[in-house]
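Residue-level listing of the chains:
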Amino acid sequence: MPENAETPASMEESKTFTDFLRKTFRGAGQTAARFLNRLGIHPDTVTLLGLAGHFGGAVLAATGHMTWAGVVILFMAPLDFLDGALARLRGETSKFGAFLDSVTDRYSEFVILGGLLVYFLQKQDWLSCGAVFLAATGSVMVSYIRARAESLGFQAKVGLLSRVERYIILIPGLIFNIPTVAIWLIAVLSHFTAIQRIASVYRQAKTVDITGK
């Protein structure tokens with residue numbers, strides 16, 4: 001296929017807020033990556049450190065220390081950008097590294113939701129427990145729809161609430177000790193995002209059916 005040929009993915013491709021953040025903070029990320037490289041830290045170590053930090057944040061959330069949980073996650077979240085920047089700086093990008101990064105992203109998010117679930121269970125706040133379930137399933141579907149769409153040659157980066165936006169809601173919700181508000185926002189908007197992505201893939205698929213490409 002010619003390099004300039006239009007594909008279903010390119011027809012629906014759009015700049016996301018995550019792309020904007022990566023571009024905006026690229027310089028700061030590269031500076032931090034050079035510092036970590038001088039310390040001899042491996043990119044996978046940064047990835048796993050971020051996961052460990054999220055486990056710590058989950059324990060804090062489960063025990064009701066919401067503000068501290070939010071602060072911990074606030075400092076751990078940027079590691080998701082730094083591991084990739086460090087790998088590129090060292091010339092050590094790999095498929096396994098990308099795979100590990102994606103897997104730990106999911107674990108990081110779910111352990112925080114698990115910590116909140118424990119907290120709400122202790123308070124016997126069953127409605128909020130249901131919101132945590134909806135937030136978790138919505139987050140899974142947003143990620144799964146993109147992965148499945150891309151495996152079929154489509155693009156599914158569109159939508160209101162990707163992982164970065166979920167953290168933008170979650171972290172302030174924890175820091176200001178309003179986790180219920182944050183969880184309900186994520187629960188509703190993540191499923192809305194899933195629907196947006198399904199609709200996007202549907203439009204691309206219809207275009208393929210019409211053009212035969």
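Nothing here was measured: the structure is a model prediction, and the numbers come from that model.

### A closer look at the nonpolar core
Then, number 1: L116, F120, L174 and I183 are the most contacted members of the largest nonpolar core, which totals 26 residues.
Then, number 2: Listing elements by their share of this core, those giving two or more residues are α4 (43–62), α5 (66–76), α7 (95–122), α8 (126–151), α9 (163–175) and α10 (179–211).
Then, number 3: With 6 residues, the single largest contributor to this core is α7.
Then, number 4: Core analysis: the second largest hydrophobic core is formed by 8 residues, L36, V46, L79 and L82 among them.

### Here we look at empty space enclosed by the protein
Then, number 1: One pass over the structure, following the stated rule, counts 2 cavities of 30 Å³ or more.
Then, number 2: Every residue lining the largest cavity is counted, 15 residues in all, and those nearest its centre are T47, G50, D80, D105 and S108.
Then, number 3: Contributing elements (two or more residues each) for the lining of the largest cavity: α4, α6 (79–90) and α7.
Then, number 4: Residue contributions to the lining of the largest cavity peak at 5 residues, all from α4.
Then, number 5: Residue classes in the lining of the largest cavity are distributed as 5 nonpolar, 5 polar and 5 charged.
Then, number 6: Of the volumes computed, that of the second largest cavity is approximately 50 Å³.
Then, number 7: Every residue along the wall of the second largest cavity is listed here: E109, L113, S139, R166, Y167, L170 and I186.

### Considerations on the environment of V142
Then, number 1: By the secondary structure assignment, V142 is in helix α8.
Then, number 2: Judged by its relative accessible area of 2%, V142 is buried.
Then, number 3: When residues no more than four places from it in sequence are discounted, the contact partners of V142 are L161, R166, S190, T193, A194 and R197.

### So, unusual backbone geometry
Then, number 1: Not every positive phi belongs to a glycine, and Q124 is a case in point at roughly 55°.
Then, number 2: Here Q124 shows up in the loop between α7 and α8.
Then, number 3: Here N177, not a glycine, exhibits a phi torsion of approximately 60°, which is positive.

### Looking at the pattern of salt bridges
Then, number 1: Summed over all chains, the structure comprises 3 salt bridges.
Then, number 2: For R166, the salt bridge identified is with E109, shortest N-O distance 2.5 Å. Here E109 lies in helix α7 and R166 lies in helix α9, a separation of 57 residues in the sequence.
Then, number 3: Taking the relative accessible area as the measure of exposure, R166 reaches 2% and is therefore buried.
Then, number 4: For E150, the salt bridge goes to R146, with nearest N and O atoms at 3.0 Å.

### Description of the confidence of the model for the protein
Reading fine detail from the predicted coordinates is not recommended where pLDDT is low.
Then, number 1: The pLDDT averaged across the protein works out to 86; a share of 84% of its residues lies at or above 70.
Then, number 2: Ranking the elements of the protein by mean pLDDT puts helix α1 (residues 8–12) last, at 44, and α8 first, at 96.
Then, number 3: Taken together, the stretch residues 1–14 has pLDDT below 50 and engages in 19 contacts with residues farther than four places along the chain or on a different chain.

### Examining the packing of aromatic side chains
Then, number 1: Applying the stated rule across the entire model yields 2 aromatic pairs.
Then, number 2: Summarising the aromatic geometry, the rings of F96 and F99 are spaced 6.1 Å apart at their centres and angled 40° between planes, so their arrangement reads as tilted. With a gap of 3 residues between them, F96 and F99 both fall in helix α7, about one helical turn apart. Per residue, the accessibility class of F96 equals that of F99, and both read exposed.

Cut-offs and rules
Residues numbered from 1 in each chain as written. Predicted model: local features only at pLDDT ≥ 70, side-chain atom pairs only at ≥ 80, totals over all residues. Heavy atoms only, no water. Core = buried A, V, L, I, M, F, W, Y, C linked by side-chain atoms within 4.5 Å. Buried < 20%, exposed > 50% of the residue type's maximum accessible area, 1.4 Å probe, protein only. Helix = DSSP H or I, 4+ residues; strand = E, 2+ residues; numbered from the N terminus. 1 Å grid on protein atoms, 1.4 Å probe; cavity = no way out; pocket = protein on both sides within 12 Å on 5 of 7 lines; lining within 4 Å. Points joined across faces, edges and corners; volume = space filled by probe spheres on them. Nonpolar A, V, L, I, M, F, W, Y, C, P; charged D, E, K, R; others polar. Contact = heavy atoms within 4.5 Å. Salt bridge = Lys/Arg side-chain N within 4 Å of Asp/Glu carboxyl O. pLDDT = per-residue confidence, 0-100. Phe/Tyr/Trp six-rings, centres within 6.5 Å; stacked < 30°, edge-to-face > 60°.

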